[in-house]
There are 2 protein chains.
Amino acid sequence: MEGVDHLAQERSKAQFDVDQMKVIWAGSRHTLEVSDRIARLVASDPVFRKDNRTLLSRKDLFKNTLQKAAHAWKRITELRLSEEEAYWLRHYVDQPAYTDLHWGMFVPAIKGSGTEEQQKKWLPLAYKMQIIGCYAQTELGHGSNVQGLETTATFDPKTDEFVINSPTLTSSKWWPGGLGKASTHAVVYARLITDGQDHGVHGFIVQLRSLDDHLPLPGIIVGDIGMKFGSGAYNSMDNGVLRLDHVRIPREQMLMRVSQVTREGKYVQSNVPRQLLYGTMVYVRQTIVADASSALSRAVCIATRYSAVRRQFGSQDGGLETQVIDYKTQQSRLFPLLASAYAFRFVGEWLKWLYTDVTEKLQANDFSTLPEAHACTAGLKSLTTSATADGIEECRKLCGGHGYLSNSGLPELFAVYVPACTYEGDNIVLLLQVARFLMKTVAQLPSGKKPVGTTTYMGRAQHLIQCRSSAQKAEDWLNPSVILEVFEARAIRMSIACAQDLSKFSNQEEGFAELSSNLAEAAVAHCQLIVVSKFIDKVQQDIPGKGVKKQLEILCNIYALYTIHKHLGDFLSTGSLTAKQASLANDQLRSLYSQLRPNAIALVDAFNFTDHYLGSILGRYDGNVYPNLYEEAWKDPLNESVVPDGYREYVQPLLKNQLRNARL
Amino acid sequence: MEGVDHLAQERSKAQFDVDQMKVIWAGSRHTLEVSDRIARLVASDPVFRKDNRTLLSRKDLFKNTLQKAAHAWKRITELRLSEEEAYWLRHYVDQPAYTDLHWGMFVPAIKGSGTEEQQKKWLPLAYKMQIIGCYAQTELGHGSNVQGLETTATFDPKTDEFVINSPTLTSSKWWPGGLGKASTHAVVYARLITDGQDHGVHGFIVQLRSLDDHLPLPGIIVGDIGMKFGSGAYNSMDNGVLRLDHVRIPREQMLMRVSQVTREGKYVQSNVPRQLLYGTMVYVRQTIVADASSALSRAVCIATRYSAVRRQFGSQDGGLETQVIDYKTQQSRLFPLLASAYAFRFVGEWLKWLYTDVTEKLQANDFSTLPEAHACTAGLKSLTTSATADGIEECRKLCGGHGYLSNSGLPELFAVYVPACTYEGDNIVLLLQVARFLMKTVAQLPSGKKPVGTTTYMGRAQHLIQCRSSAQKAEDWLNPSVILEVFEARAIRMSIACAQDLSKFSNQEEGFAELSSNLAEAAVAHCQLIVVSKFIDKVQQDIPGKGVKKQLEILCNIYALYTIHKHLGDFLSTGSLTAKQASLANDQLRSLYSQLRPNAIALVDAFNFTDHYLGSILGRYDGNVYPNLYEEAWKDPLNESVVPDGYREYVQPLLKNQLRNARL
Ligand SMILES: Cc1cc2nc3c(=O)[nH]c(=O)nc-3n(C[C@H](O)[C@H](O)[C@H](O)COP(=O)(O)OP(=O)(O)OC[C@H]3O[C@@H](n4cnc5c(N)ncnc54)[C@H](O)[C@@H]3O)c2cc1C
Ligand SMILES: Cc1cc2nc3c(=O)[nH]c(=O)nc-3n(C[C@H](O)[C@H](O)[C@H](O)COP(=O)(O)OP(=O)(O)OC[C@H]3O[C@@H](n4cnc5c(N)ncnc54)[C@H](O)[C@@H]3O)c2cc1C
């Protein structure tokens, strides 16, 4: 970061201690220190360059990914990095790779569903990367409905083996990351069949490729499913297709923590409760929420810095034009996203705690909070990934034309990010799960059963369905309890309205189907309440550092009031607030934007991103955008020659009116 | 379209005459016939294949584009195609190319701003493509604010020439399509300077490259600005950078229809009114609205067909699962987009009429409706492009995981489409222009000046600010006048509320800046009213064909009621309807979805897209998705070898724990 800092003046305006905010954002001083050190390590390593990524052919991009993954592993072992450091290293390499699935899905699947013996056998191999694993669940014809998978695993008592088979084209495994080209093993999900009986879907460890020469084993057809969204982006990943033609694996390779098949072919449940499996799901989704805040904060960092560099209109007497960040429309699109990035960060942090809490309770055989934790993670996964995907694209638009250039970093960020709305549970399907849970909770209210965790507020239904917001002036909208109450009122009223509408149907399932759109909206309302309330909790903690707490309060209020504005129809139609109160909230929101404005650059500096990780000319730390855009342009292959390839065949004859005779 | 039609059953359910609907969609039987014939011509020509587009390197893609453009021109001349046919041919080639700017911007700029003499000289050259032109306005540092451009055109009376110059890096022309590699000429926008005086921005025809060898002329540095969003997509276009170092052009190459520089260097206005230039803008924006309906309808066609093919959950006894199009959440996301595609189609048709009307009035020196027409096209450009961009991505999500594959066609459609939100006027900047016009109209109401055209309803402000919607049961929401009234009430109440808030500011400009976000929302409300009212007008025409009118009524009502639902906050906070009425509207909306459901496939068939143009395996006419996805996968370059490139260097050593010694 040498040279002139074009954003120095912006930075000098900040009214808070940026270094302290970095600690808050990172979660702890320790995490900040580790992640910062590793980020610089990655940024300074030429193998980890990624600026040419969108120009590589598919094959070169994939080879480059293999190289980066190997180099990352080499550095991890050479430097004897801790697990935490290794995580950050992979994170900052910032290129989707088979290792993401190996560490993120294959290992957790074995940990979560394998017996101790199985873990002892397979985990050391995986930890040392002597095998590469992936997670093969989805099929060409089956995704969201896991119970509809077609792949079969039939027990053959004669040989004590499972026969894994793809009976149809639609049963081909399809999508698993790392499957296409890299993995040697997979956890394959298949219908377990013993003695002609179908026991539903279970996981099996299947070796796919020879450890000697990487050739697929007999009976296995495997390959890549082809190009995906964007250039660069997720195309570094070998999402794969897999067909299994009566492939035999030893019985011990069924993941048997929860249910088992005996030597005789008897299907039995172990004494480990099924619910334990949900722990893994909570874990994975918690990482997705953390990733959402990280993707959104990148986009926001780019758009915020560029909005301070970009000037448009309003120059007096030939002076400088206005920075576009000073336009209220720009602020009203950008600042709520900045606030959302912080909001998702803190709700992610809380989810980490929730995961520990759930795990402890599970170990103590206490399953009481599991449905609530499950619904809550499902809902937050849906809410944060949808908002982040939309938010990244909004940030791109906030950069005007230049946001459309690859080297703005935003197109690739978007293309890499959007599938998060689909994988690990389609966002709409997840919302409907949340809605089911909410309907159950509402139904149990009369019985006096106390709702727990994030649904505790539902215990105060009596009050919440009739209360009126006390907000009378704009400043009242800075009051956390005023804010919380309207979010709670809106959420519960929507849930109860759904429950009442449902009760008019004689067939509950039909009712649920018919009203599913309203139900999904009720689920969103519930989830937004969670985000707001966790943000408020965070802000009410002891927060050191000059002005830091104040900034977080501003961000929290922006998140809340913006959400009210965006979903005003919900709030008004449920009578949770009045039109007059809404208008006051809006006035307050505008004033909050003005308060945030001088701190905007510092608030994105607090994310502590290196220019390498950001990967954006528009988002450069030093704000030196134009000369770098200009220089970068000339590197495009099209500029290798002044007269383009194809001129003689296709342009000259056209200009000379000689196309008629040309063979094109 | 040989083989089994997997959607035949869906097609048999249609309750209307699809062929007649095709005529409605196309605008006339003649247009349907021409466009259909040309679409098939393009689809059957191997040179126009586009299925490998996302795999080509930038250079190969560009060369391929040059080839297609030349081939298109060859076919156009060989077959002596009419202007209309030639338009459809370029349309169905469906690959952004320099010719888009040549025909779409360069020619119109000369037609709109050139004198008769200039038109006589330049247009024949352009029509025969003996020169290739582009439109060079935007600069690296200047976009939305055209008045801020830095390029200068200084008149030199000694030589009777203009000296065109880029004084700074930020004055480099940046973005013009076709500029980078293909164009021989450009209309360059520059500040006109005579005798030391700055007369603001004017257009100049500048030759960029030699017509002999295509080399840039002296003083000219020109190149491509590099990769943009997506693979394939808009990367076939050579958006360019241009620096001019005191380049001299004859005085006659300033576009002089409206203002002129005499031989002596005097700056004079011609007797042609300035306003004429707006005609061109109305024209260009009208084509953008038409493009919006065409892009959105493609995405909707893909998502609708695939939603009927895709099955997920709900199988009873191992039977077929439920088609995802039968889920109400799917319908509530998809059908409003289908309705929007039709809505934009008809408002685009109306804009075509408006353009003719404006042109006639201009020719008769009647400028009275120009500001209204200008605001209306600006607003509709903004509204339809934003909704289309979001809609395409929503369609992609509606296809679950498979929507993320390039060969779904949706990623490329999105990446190509999104800049429409930015070029020809950033959508937010445009909304603020509309808002300015609305505020002016409101301010003039007391004077008794009658608002015209799309603002006519504002003349009924008295009634509209106090009326109450008469809707009392769900069916009332099928009544066009009930619908229109709430849209009118909402729009005018938002405008008037803004005007009242503005009046509290002593400085109007400060007030406008402070309230700009509310103002933009008021502009959206006004534009949505236009779309709804033009849809209603359309439906109220005489519409032949069994059941066609009925379907259009359903679509119109879906568009209107969905818009109410989405912007409910506006409607409720302005008191344009009550919560109870909103809930009835919602019930009606659900019922409309059910009515639309059996016709969904036929309604997208009515777009009459060839599989070539659609470019989507998921959207195939025959619905035969899975075998084609499977086959296509194997064509990816990564599948050329079973063991991937890079295995020996980067995977084997890792698996064998031999990375330490490897040089990566
Ligand atoms: C980039 C990427 C990486 C992936 N990685 C892996 C991996 O490593 N391993 C793996 O096994 N899989 C992987 N997947 C697959 C992923 O898990 C599935 O795509 C995901 O579960 C969604 O399922 P689907 O594609 O079947 O969507 P579908 O369920 O077919 O969704 C289509 C539409 O139907 C709707 N819908 C479906 N069911 C319902 C319902 N009951 N009610 C209402 N609406 C419904 C959805 O909302 C959606 O709009 C990956 C996918 C992607 C895109
Ligand atoms: C694919 C593509 C093709 C193009 N083709 C051409 C071409 O052929 N010829 C050509 O000359 N140009 C072309 N352009 C350039 C295009 O016209 C500009 O990008 C467009 O006008 C937007 O201007 P900008 O990039 O300066 O955005 P900016 O104005 O810098 O926008 C940045 C942000 O500032 C906001 N903003 C700006 N002004 C205001 C204001 N007054 N009030 C509130 N907010 C404001 C915007 O809303 C946006 O969020 C092309 C651009 C693209 C992306």
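None of the values given here were measured: they were computed from a predicted structure.

A closer look at the site of ligand 2
By nearness alone, 31 residues border ligand 2, and Arg310 and Gln330 of chain A together with Thr138, Ser144 and Asp426 of chain B come closest of all. One chain alone does not account for the residues near ligand 2; they come from chains A and B. The side chain of Gln312 of chain A places a nitrogen or oxygen atom 2.9 Å from an oxygen atom of ligand 2. Gln330 of chain A places a side-chain nitrogen or oxygen 2.7 Å from an oxygen atom of ligand 2. Here ligand 2, which alone exposes 960 Å², has 94% of that area covered by the protein. Among the secondary structure elements, those contributing two or more residues to the shell around ligand 2 are helix 9 (328-363) and helix 10 (370-398) of chain A together with helix 12 (427-444) of chain B. Broken down by class, the residue content of the shell around ligand 2 amounts to 15 nonpolar, twelve polar and four charged.

Considering the relation of the copies chain A and chain B
Turning chain A through 180° and shifting it by 0.0 Å along the axis lays it on chain B, with an RMSD of 0.0 Å. Overall, the copies show the geometry of a two-fold rotation axis. Comparing interface residues between copies, 100% of those in chain A also sit at the interface in chain B, which points to an isologous, same-surface contact.

Description of the UniProt feature "active site" (unreviewed entry) in chain A
Residues and elements named next belong to chain A. UniProt tags Glu424 as "active site" (unreviewed entry). Residue placement: Glu424 occurs in the loop between helix 11 (410-417) and helix 12 (427-444). Relative accessible area serves as the criterion here: at 24%, Glu424 is assigned to the partly exposed category.

Overview of the UniProt feature "domain: Acyl-CoA oxidase C-alpha1" (unreviewed entry) in chain A
UniProt records the feature "domain: Acyl-CoA oxidase C-alpha1" (unreviewed entry) at residues 278-439 of chain A, using the numbering of this structure. Secondary structure across residues 278-439 of chain A divides into 73% helix and 0% strand, with the first and last C-alpha atoms of the span separated by 21 Å.

Regarding the interface of chain A and chain B
With 131 residues of chain A in contact, the opposing surface of chain B contributes 131 residues. With both chains or domains summed, chain A and chain B bury close to 11,800 Å², and 62% of this area falls on carbon and sulfur atoms. Taken together, the links from chain A to chain B amount to 14 salt bridges. Lys656 of chain B is the partner of Asp212 of chain A in a salt bridge, and the nearest nitrogen-oxygen pair spans 3.9 Å. At the boundary of chain A and chain B, one finds 56 residue pairs in polar contact (both at pLDDT 80 or more). Looking at the side of chain A that touches chain B element by element, the count peaks at twelve residues for helix 4 (residues 58-78) of chain A. Broken down by class, the residue content of the side of chain A that touches chain B amounts to 62 nonpolar, 39 polar and 30 charged.

Focus: unusual backbone geometry
All names here are of chain A. The phi angle at Asp195 is positive, at roughly 50°, despite the residue not being glycine. Topologically, Asp195 is positioned in the loop between strand 5 (185-194) and strand 6 (197-207). For Asp195, a relative accessible area of 78% corresponds to the exposed category.

A look at the sheet that holds strand 7 (residues 220-224) of chain A
All names here are of chain A. Pairing is antiparallel across the open sheet formed by three strands, whose spatial order is 4-8-7. Two strands bound the open sheet, and with one partner strand each, they are strand 4 (173-174) and strand 7. In this sheet, strand 8 (residues 240-244) lies alongside strand 4 in antiparallel orientation, the contact comprising two bridges. Each residue of the ladder has a partner; that of Lys173, found in strand 8, is Leu242.

Re the pattern of salt bridges
Pairing between side chains becomes possible if they bear opposite charge and their charged atoms approach one another. All names here are of chain A. Overall, the coordinates contain 89 salt bridges over all chains when judged by the stated rule. Ionic pairing is found between Lys473 and Asp476, a salt bridge with its closest N-O pair at 3.0 Å. On the basis of relative accessibility, which here comes to 44%, the residue Lys473 falls in the partly exposed class. For Asp476, a relative accessible area of 17% corresponds to the buried category. Connected through salt bridges with shared partners, the residues Lys50, Arg53, Asp94, Arg298 and Glu412 form a single ionic network.

Considerations on the side chain of Thr99 of chain B
Residue and element names in this part refer to chain B. Position of Thr99 among the secondary structure elements: in helix 6 (residues 98-113). We classify Thr99 as buried; its relative accessible area is 8%. Those residues within four positions of Thr99 in sequence are excluded, and the remaining contacts are Ala69, Arg90, Gly104 and Met129.

A look at the packing of aromatic side chains
Per the counting criterion, the structure on display carries 54 aromatic pairs over all chains. Note on Tyr404 of chain A and Tyr234 of chain B: the rings are 6.2 Å apart at their centroids and 70° apart in plane angle, and the pair reads as edge-to-face. A residue pair is termed interchain when its members come from two chains, as with Tyr404 of chain A in the loop between helix 10 and helix 11 and Tyr234 of chain B in the loop between strand 7 (220-224) and strand 8 (240-244). We note that Tyr404 of chain A, like Tyr234 of chain B, is buried. Consider the rings of Phe162 of chain B and Phe204 of chain B, whose centres lie 5.0 Å apart with planes at 70°: the pair is edge-to-face. Placement of the pair is Phe162 of chain B in strand 3 (residues 161-165) and Phe204 of chain B in strand 6 (residues 197-207), with a sequence separation of 42 residues.

Focus: the sheet that holds strand 4 (residues 173-174) of chain B
Across a sheet, strands are paired by hydrogen bonds formed along the backbone, either parallel or antiparallel in direction. Strands sit in the order 4-8-7 (chain B) across an open sheet of three strands; the sheet is antiparallel. The strands lining the two open edges of the sheet, one partner per strand, are strand 4 and strand 7 of chain B.

Digging into the site of ligand 1
Contacts to ligand 1 come from 31 residues, most closely from Thr138, Ser144 and Asp426 of chain A together with Arg310 and Gln330 of chain B. Chains contributing residues to the immediate surroundings of ligand 1 are chains A and B. At a separation of 2.7 Å, an oxygen atom of ligand 1 approaches a polar side-chain atom of Asp426 of chain A. Between Leu398 of chain B and ligand 1, the recorded distance is 3.4 Å, taken from a backbone N or O atom to an oxygen atom. Relative to its unbound accessible surface of 960 Å², ligand 1 loses 93% to contact with the protein. The set of elements that each furnish at least two residues to the shell around ligand 1 consists of helix 12 of chain A together with helix 9 (328-363) and helix 10 (370-398) of chain B. Here the shell around ligand 1 is built from residues that sort into 15 nonpolar, twelve polar and four charged.

What counts and how
- Residues numbered from 1 in each chain as written.
- Chains lettered and ligands numbered in written order.
- Predicted model: local features only at pLDDT ≥ 70, side-chain atom pairs only at ≥ 80, totals over all residues.
- Heavy atoms only, no water.
- Near = heavy atom within 4 Å.
- Polar contact = N/O pair within 3.5 Å; in protein donor to acceptor, adjacent residues only side chain to side chain.
- Areas by Shrake-Rupley, 256 points an atom, 1.4 Å probe, with all protein chains shown as cover.
- Helix = DSSP H or I, 4+ residues; strand = E, 2+ residues; numbered from the N terminus.
- Nonpolar A, V, L, I, M, F, W, Y, C, P; charged D, E, K, R; others polar.
- Least-squares fit on C-alpha atoms with pLDDT ≥ 70 in both.
- Contact = heavy atoms within 4.5 Å.
- UniProt positions renumbered as here; feature names shortened; annotations may be inferred.
- Buried < 20%, exposed > 50% of the residue type's maximum accessible area, 1.4 Å probe, protein only.
- Buried area = accessible area lost by both parts, 1.4 Å probe.
- Salt bridge = Lys/Arg side-chain N within 4 Å of Asp/Glu carboxyl O.
- Pairing = 2+ DSSP bridges.
- Phe/Tyr/Trp six-rings, centres within 6.5 Å; stacked < 30°, edge-to-face > 60°.

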